[in-house]
Amino acid sequence: SPAQAQTKDESLPRTITVVGEGKVRYKPDIAQTNLGVEVRKPTVKQASAEANKVMDQVLKVLKAQGIEDKDIQTSGFSIWAETPPYGPDGSVDPQAQPIYHVSNQVTVTIRDLSKVGAVLDAAIEAGANSMYGVTFNLDKPDKAQADARKKAVENAKAKAEELAGLTSVKVGQIVSISEVIGGGLGY
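What counts and how
Residues numbered from 1 in each chain as written. Predicted model: local features only at pLDDT ≥ 70, side-chain atom pairs only at ≥ 80, totals over all residues. Heavy atoms only, no water. Buried < 20%, exposed > 50% of the residue type's maximum accessible area, 1.4 Å probe, protein only. Helix = DSSP H or I, 4+ residues; strand = E, 2+ residues; numbered from the N terminus. Arc of directions from axis to C-beta. Contact = heavy atoms within 4.5 Å. pLDDT = per-residue confidence, 0-100. Pairing = 2+ DSSP bridges. Axes fitted to C-alpha atoms, helices over the stretch in contact; angles between N-to-C directions. Core = buried A, V, L, I, M, F, W, Y, C linked by side-chain atoms within 4.5 Å. Expected span 1.5 Å × (residues − 1).

**Student:** Please clarify how helix α3 (residues 116-125) should be interpreted in this entry.
**Tutor:** Counting along an α-helix, one turn takes 3.6 residues, and residues three or four places apart therefore face a common direction. For α3, the complete set of buried residues consists of Val 116, Val 119, Leu 120, Ala 122 and Ala 123. Angular distribution of buried residues about the axis of α3 spans 160°; they occupy a single face of the element. Looking at the buried residues of α3, the elements they touch are β1 (30-41), α2 (44-64), β3 (99-110) and β4 (130-137). The positive-phi residue at the C-terminal boundary of α3 is Gly 127, with phi of around 120°.

**Student:** In this structure, what is going on with the confidence of the model for the chain? I would like to understand it.
**Tutor:** Averaged over all residues, the pLDDT of the chain is 85; the fraction at 70 or higher stands at 87%. Mean pLDDT per element in the chain: helix α1 (residues 2-11) is the minimum at 52, and α2 is the maximum at 97.

**Student:** I'm lost on the pairing of β3 in this one. Help?
**Tutor:** Successive side chains on a regular strand alternate, one facing one side of the sheet and the next facing the other. With respect to burial, β3 is a largely interior element, 9 of its 12 residues being buried. Bridge analysis of β1 against β3 gives 11 bridges, and the strand direction is antiparallel. Looking at β3, one finds that Leu 35 is bridged to Val 106.

**Student:** It is not clear to me how the sheet that holds β1 should be interpreted in this structure. Could you clarify?
**Tutor:** Remark on secondary structure: sheet strands pair via backbone hydrogen bonds, oriented parallel or antiparallel. Strand order in the open sheet made by the 4 strands is β2-β3-β1-β4, with antiparallel pairing throughout. In the strand order of this sheet, the two ends are held by β2 (72-82) and β4, each with one partner. Neighbouring strand axes in the sheet, compared pairwise and without regard to direction, differ in orientation by 10° on average. Relative to β3, β2 runs antiparallel, the two sharing 10 bridges. Bridging across to β3, Glu 82 finds its partner in Ile 99. The strands touched by α2 are β1, β2 and β3; relative to β1, the strand with the most contacts, the crossing angle is about 150°. Against the sheet, α3 touches β1, β3 and β4, its axis set at about 165° to β4.

**Student:** Got a minute to help me understand the pairing of β1 in this structure?
**Tutor:** Two elements, β1 and β4, share 7 bridges in a ladder whose sense is antiparallel. Its bridge partner lying in β4, Leu 35 is registered against Met 131.

**Student:** Sorry, what's going on with the environment of Pro 94 here?
**Tutor:** Locating Pro 94 in the fold gives a position in the loop between β2 and β3. Here Pro 94 falls in the exposed class, since its relative accessible area comes to 72%. Remark: the alpha-carbon pair of Pro 94 and Pro 84, spanning 10 residues in sequence, is separated by 9.5 Å.

**Student:** So what exactly am I meant to see when it comes to the environment of Ala 152 here?
**Tutor:** Tracing the backbone shows Ala 152 in helix α4 (residues 142-166). Note on Ala 152: relative accessible area 18%, which makes it buried. For the pair Ala 152 and Val 19, spaced 133 residues apart in the sequence, the C-alpha separation amounts to 8.1 Å. With residues up to four places along the chain from it excluded, the contact list for Ala 152 reads Gly 20, Glu 21 and Gly 22.

**Student:** Help me understand the nonpolar core in this model?
**Tutor:** Where a protein is soluble and globular, its nonpolar side chains tend to be buried together. One finds Leu 35, Val 58, Leu 62, Ile 67, Val 108 and Ile 110 to be the most contacted residues of the largest nonpolar core, which totals 24 residues. Looking at this core, the elements that each hand over two or more residues are β1, α2, β3 and α3. Per-element accounting of this core gives the leading share, 7 residues, to α2. With residues up to four places along the chain from it excluded, the contact list for Val 108 reads Ala 31, Gln 32, Thr 33, Leu 35, Leu 62, Ile 67 and Asp 71.

**Student:** Explain α4 here, please?
**Tutor:** With 25 residues, α4 extends 36 Å from end C-alpha to end C-alpha; this agrees with the ideal 36 Å at 1.5 Å per step. Considered for burial, the residues of α4 that qualify are Ala 144, Ala 148, Ala 152, Ala 156, Ala 160 and Ala 164. Directly beyond the C-terminal end of α4, a positive phi value near 55° is found at Ser 168.

What follows is the structure in structure tokens.
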């Protein structure tokens, strides 16, 4: 009936949906890297012993560079066997022995950015033979995130006001807000 159709139309929410964006720039104050030791030996015991010995030396030089214990976290430890190659007939030489790999990785936070090169050089000289990039971050990103949120809300309000003005309506109360973080942190 027409009365039912009118009731349904009146119950539809009248909303303008916009997406606001907020960007802020901050200078990074920490660097992080993953570095470690990988050792290959004929036995797991030999490989583990050598990896521990080298990692102890790496940790010692990191601390000598001013890196605190709280800024060194184990990020990976693994052991695996490299099996002997197969011959042309698909068989393994019965004399061939597997080689065991032991890998020990740590994530290191460097708080003095002027020492990044020196810290990495010292770790390599001490025996670190695997390194997976250096990233620069904010130690405490809360203020940057709050500033970006504030700008995003201001941006969304301005868009809503503009759209409302184009359609001769007024902006009322906010019905809902959701946060979608994309693109990662940029500095």
